[in-house]
Amino acid sequence: MNRRTTGRTRRLTVAQALVEFLAHQYTERDGERRRLIAACWGIFGHGNVAGIGQALLETGRDRMPFHQGRNEQAMVHAAVGHARTADRLSTHAVTTSIGPGATNLVTGAALATVNHLPVLLLPGDTFATRPADPVLQQLEHPGAGDVSVNDCLRPVSRWFDRITRPEALVPAALQAMRVLADPVETGAVTLALPQDVQAEAYDWPEEFFADRVWHVRRPAPDPAAVAEAADVVRSARRPLLVCGGGVRHSGAEAALRSLSETTGIPMAFTQSGKGAVHHATPTDVGGIGHTGTAVADALARTADVVVGVGTRYTDFTTASSTLFAAPGVRFVNLNLSSADAHKLAGLAVTADARAGLEALAGELDGHRVPEEYVREYAEGRAAWDREVERAFAPPPDPSARPTQAQVLGALDRLADGTDVLVNAAGSLPGDLHRLWRSRGGDYHVEYGYSCMGYEIPAAIGVRLAGRGPVWALVGDGTYLMMPTELVTAVQEGLDIKVVILQNHGYASIGGLSRAVGAEGFGTAYRELAPDGTYTGDPLPVDLAANAASLGLDVLRVRTAGELPEALAAARAATRPTCVHVETATPDSVPGAPPAQAWWDVPVARTATRPAAVRALEEYERGAAGRRRHL
């Protein structure tokens, strides 16, 4: 990376220099080179219109493609959707004005950082030279003159800098690219840009604008650690692979499948890991944890060795520390991040997922689990497949409303492996994790931050990354959070498919509320009743009409019999299309199987209402199974 200065310079504004610099940044892994910053999203205001806005105009769309957003949080979600699809080797930048434009980035930044997904944030900032103090939208902090609203982004960014002088851009920009391209460090990166500094001119060294390639290496594991891990796996009679998002980010799918099929060790998948292999792979036992399958969770409870690959072991994966229950269970953790590799007091194998799996497979050459164990989980797979078939089967009466699971069943019968399902929140992540029969690479569920409103803009990002057909699956609650980027999809001719499941409220939290004794309070979209609860008639809201007003073609599905044709038409459509489905309520028609493992949501200790008293008794039974792995 060292470059000698030639003395040649180019006079540009700070904003022009930054955009030109970004146009020359690349990543390379396994010989494949990609643009690190493939495009820039933006909403302009006084804090960036004359700086970054003018620079993007002058640079031109060929060198730095521009996408016009409608909501700043949504623009970050679109960038993250692109980054995940590109295996973190490419992302987008997002520019905003100062004030609310900048603070709207915080939720998206948190999502990116929690999920270790790169995105570059370029919020405008107040004047560095302070000729006007305060300027419009400036936060006046009584105890610190150098604080602006952009400081909200510090705790949710992996790297943060404020460019208060032109020459400070050079080291800051290089650090920003280093973090974005580092698989361990990556997340949201923020360069706060005071609006006066953006427009200031400076003589930049030409070397700053030369093509720069950030090589994404595959760190190999320590041979001694691999040998020790192999010894632990050989000693196990009931080993289990827990496969997280690191498998997919590394492109380790084939190495994982080969190790699993050769040794017979079953694979269970987190929300981020699901989609790494085709569901028909004999050793795939499905999702694990609170939203996992019965077979995967049963194996987890009795596993004597758990091999975690690229997983953070979140509470949904561990069922709030109740799932891995066998006495003396041991953990082997293969992870690029040392912090994650050492979780649960595991034997840490710190390495790239693909390199580590290949090394472990070499050490385990000739090893295979007992055949009775293979027969056991094969029977469990078959039993769960029957549960999926039951949940996915259309209702006997085609004039009935479909359940949410039956909508997924209709999609399952339509998809061919090129489709991508995008989801993030509500009851859908649980149904998808338990039931969806992945064809490999078709599963895009953001559950690290589980952010309502992610789905539609992320689907745009996935489509911009070249995948399709792309389905944004949303409930009515999620749709109402952030439908604005539908306008962007229409403007740019992106043929995303949006499925709105109308169930009149926050169905997932409504169910959880009833389970913890809160009786569904404040979770239904209904008229206010005389007793102050939302238990009146459903609200007269027409989300299909709303989607149509934003420019989508809309297909209304009123019965299960109409569903297959509508989904097929949406899949074939060449412009943004919405399928609106009024689903059956869970209490009226059996839907998806219930949760197969516990999740820790504390229950009121002094409540007197009968529902809360019963919930506390149930909570204490579940909490009794928690353990620390030391």
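Since this is a predicted model, take the numbers as computed values, not measurements.

Cut-off values and rules
- Counting restarts for each chain, with residues numbered from 1 along the sequence as it is written.
- Thresholds applied to this predicted model are a pLDDT of at least 70 for local features of residues and 80 or more for the giving and counting of side-chain atom pairs; totals over whole chains, interfaces and linings are not thresholded and use all residues.
- Heavy atoms from the whole structure form the basis of all side-chain values; hydrogens and water molecules are not counted.
- The criterion for an aromatic pair is that two Phe, Tyr or Trp rings (for Trp, the six-membered ring) have centres within 6.5 Å, with stacked assigned to planes under 30 degrees apart, edge-to-face to planes over 60 apart and tilted to the rest.
- Labels follow the DSSP assignment, with helices taken as runs of H or I lasting at least four residues and strands as runs of E lasting at least two, numbered in each case from the N terminus.
- Burial classes: relative accessible area under 20% of the type maximum marks a residue as buried, over 50% as exposed, and values in between as partly exposed (1.4 Å probe, protein chains only).
- Note on contacts: a residue pair qualifies if any of its non-hydrogen atoms lie within 4.5 Å across the two residues.
- Any pair of nitrogen or oxygen atoms within 3.5 Å is treated as a polar contact; in protein, a donor-acceptor pairing is required on top of that, and neighbouring residues in sequence qualify only through side-chain atoms on both sides.
- Strand pairing is defined by DSSP finding a minimum of two bridges between the two strands.
- Inter-axis angles, ranging from 0 to 180 degrees, are taken between N-to-C directions of lines fitted to C-alpha atoms, where helices are fitted over the stretch in contact.
- Side-chain atoms within 4.5 Å are what join buried Ala, Val, Leu, Ile, Met, Phe, Trp, Tyr and Cys residues into a set we call a nonpolar core.

Chemist: Would you explain the packing of aromatic side chains in this entry?
Modeler: We describe a pair of aromatic rings using the distance from one ring centre to the other and the angle between the two ring planes. Evaluated as defined, the whole model comprises 13 aromatic pairs. Ring plane angle 15° and centroid distance 4.5 Å describe the contact between phenylalanine 21 and phenylalanine 208, whose orientation is recorded as stacked. Of this pair, phenylalanine 21 sits in helix α1 (residues 14-22) while phenylalanine 208 sits in the loop between β10 (201-205) and β11 (212-215); the two residues are 187 residues apart in sequence, bridging distant segments of the chain. Judged by its relative accessible area of 0%, phenylalanine 21 falls in the buried class.

Chemist: Help me understand the environment of serine 272, please; the structure alone is not making it clear to me.
Modeler: Along the chain, the position of serine 272 falls in the loop between β13 (267-269) and β14 (284-287). Serine 272 gets classed as partly exposed once you look at its relative accessible area, which sits at 26%. Along the primary structure serine 272 and glutamate 446 are separated by 174 residues, whereas in three dimensions their C-alpha atoms are 7.1 Å apart. When residues no more than four places from it in sequence are discounted, the contact partners of serine 272 are Arg84, Gly244, Gly245 and Arg248.

Chemist: What is the right way to look at the environment of proline 610 in this model?
Modeler: Among the secondary structure elements, proline 610 is positioned in helix α24 (residues 610-623). Taking the C-alpha atoms as reference points, proline 610 and glycine 517, 93 residues apart in sequence, are found 8.0 Å from one another.

Chemist: I tried to follow helix α14 (residues 353-363) on my own but got confused; where do I start?
Modeler: Residues lying three or four places apart along an α-helix face the same way, a consequence of the helix completing one turn every 3.6 residues. Every buried residue of α14 is accounted for by Ala353, Ala355, Gly356, Leu357 and Leu360. Those residues of α14 that are buried are in contact with α8 (223-235), α9 (245-250), α10 (253-263), β15 (305-309) and β16 (330-335). The opening residue of α14, the one whose side-chain oxygen lies 3.1 Å from the backbone nitrogen of arginine 354, is aspartate 352.

Chemist: It is not clear to me how the sheet that holds strand β3 (residues 32-35) should be interpreted in this structure. Could you clarify?
Modeler: Two strands in a sheet stick together by hydrogen bonds in their backbones, pointing the same way (parallel) or opposite ways (antiparallel). Taken in spatial order, the 3 strands line up as β3-β2-β11 in an open sheet, and their pairing is mixed. On the outer flanks of this sheet lie β3 and β11, each paired with one strand and no other. Neighbour to neighbour, the strand axes of the sheet diverge by 30° on average, direction disregarded. This element, helix α6 (residues 169-181), spans β2 (25-29) and β11 of the sheet and lies at about 35° to β11.

Chemist: It is not clear to me how the nonpolar core should be interpreted in this structure. Could you clarify?
Modeler: General note: in soluble globular proteins, nonpolar side chains tend to be found buried as a group. The biggest cluster of nonpolar side chains holds 82 residues, and the ones touching the most others in it are Leu432, Leu473 and Val499. Among the elements that make up this core, the one with the highest residue count is helix α15 (residues 371-392) (7 residues). Those residues in contact with valine 499, other than ones at most four positions away along the chain, are Val407, Trp471, Ala472, Leu473, Val474, Leu567, Val579 and Val581.

Chemist: Just checking my understanding: could you explain the pairing of strand β6 (residues 91-96) for this structure?
Modeler: Regular strands place side chains that alternate from one sheet face to the opposite one. Buried residues dominate β6, accounting for 6 of its 6 residues. Sheet analysis places strand β4 (residues 37-42) next to β6, joined by 5 bridges and oriented parallel. Along β6, the bridge assignment pairs glycine 42 with threonine 95. The pairing of β6 with strand β7 (residues 119-125) spans 4 bridges and is classified as parallel. Bridged to alanine 93 within β7 is leucine 120.

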